[in-house]
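A closer look at the structure
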Amino acid sequence: MAITANVDLGNGVTASSCYIIVPTAYVKKMEDNSFKLIYDVEIYQNKSDRDGILRGSKIISCRTVDHHKIDYDTAASDNPFVLAYTDLKTNGSLSSVADV
């Protein structure tokens, strides 16, 4: 799974048509017995950057998009990655979001 979107990097800078993936998504039981879905996001300028050998050096950093922790309903039937992408698509720093 992946999405493309314009990413607001702050200070009036926007990266257009970025290729965005969720490489990590997991559910964690917190000390207060609640559950959280925690996921990370990697942003690339395009799919070629993601597929290249030097992909680690091609990641675009954006603090409002890179890492998330959201409430998780244990009755959810979707897997954590589907829920992560669904939540990511509502992020205010992304616009023109489309599935790839």
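Above this text you will find the structure in question.
Only a predicted model underlies this, so the values are computations on that prediction, with no experimental measurement involved.

Notes on the overall build of the chain
Looking only at helices and strands, the chain features two helices and five strands. Ordered by position from N to C terminus, the α and β elements of the chain give β-β-β-α-β-α-β. Along the three orthogonal principal directions, the C-alpha set of the chain runs to about 40 × 30 × 25 Å. Within the chain, the proportion of its 100 residues that are buried is 32%. Split by element, the accessible area of the chain, about 6100 Å² in all, is 47% carbon and sulfur.

What about helix α2 (residues 80–88)?
Those residues of α2 that sit buried are Ala84, Tyr85 and Leu88. Mapping the buried residues of α2 onto a view down its axis gives an arc of 95 degrees, with all of them on the same face. Along its buried surface, α2 packs onto β1 (3–10), β2 (13–29), β3 (35–44), β4 (67–71) and β5 (94–99). Two or three places before phenylalanine 81, at the opening of α2, asparagine 79 has a side-chain oxygen 2.8 Å from that residue's backbone nitrogen.

About the thresholds
- Residues numbered from 1 in each chain as written.
- Predicted model: local features only at pLDDT ≥ 70, side-chain atom pairs only at ≥ 80, totals over all residues.
- Heavy atoms only, no water.
- Helix = DSSP H or I, 4+ residues; strand = E, 2+ residues; numbered from the N terminus.
- Buried < 20%, exposed > 50% of the residue type's maximum accessible area, 1.4 Å probe, protein only.
- Areas by Shrake-Rupley, 256 points an atom, 1.4 Å probe, with all protein chains shown as cover.
- Arc of directions from axis to C-beta.
- Contact = heavy atoms within 4.5 Å.
- Polar contact = N/O pair within 3.5 Å; in protein donor to acceptor, adjacent residues only side chain to side chain.

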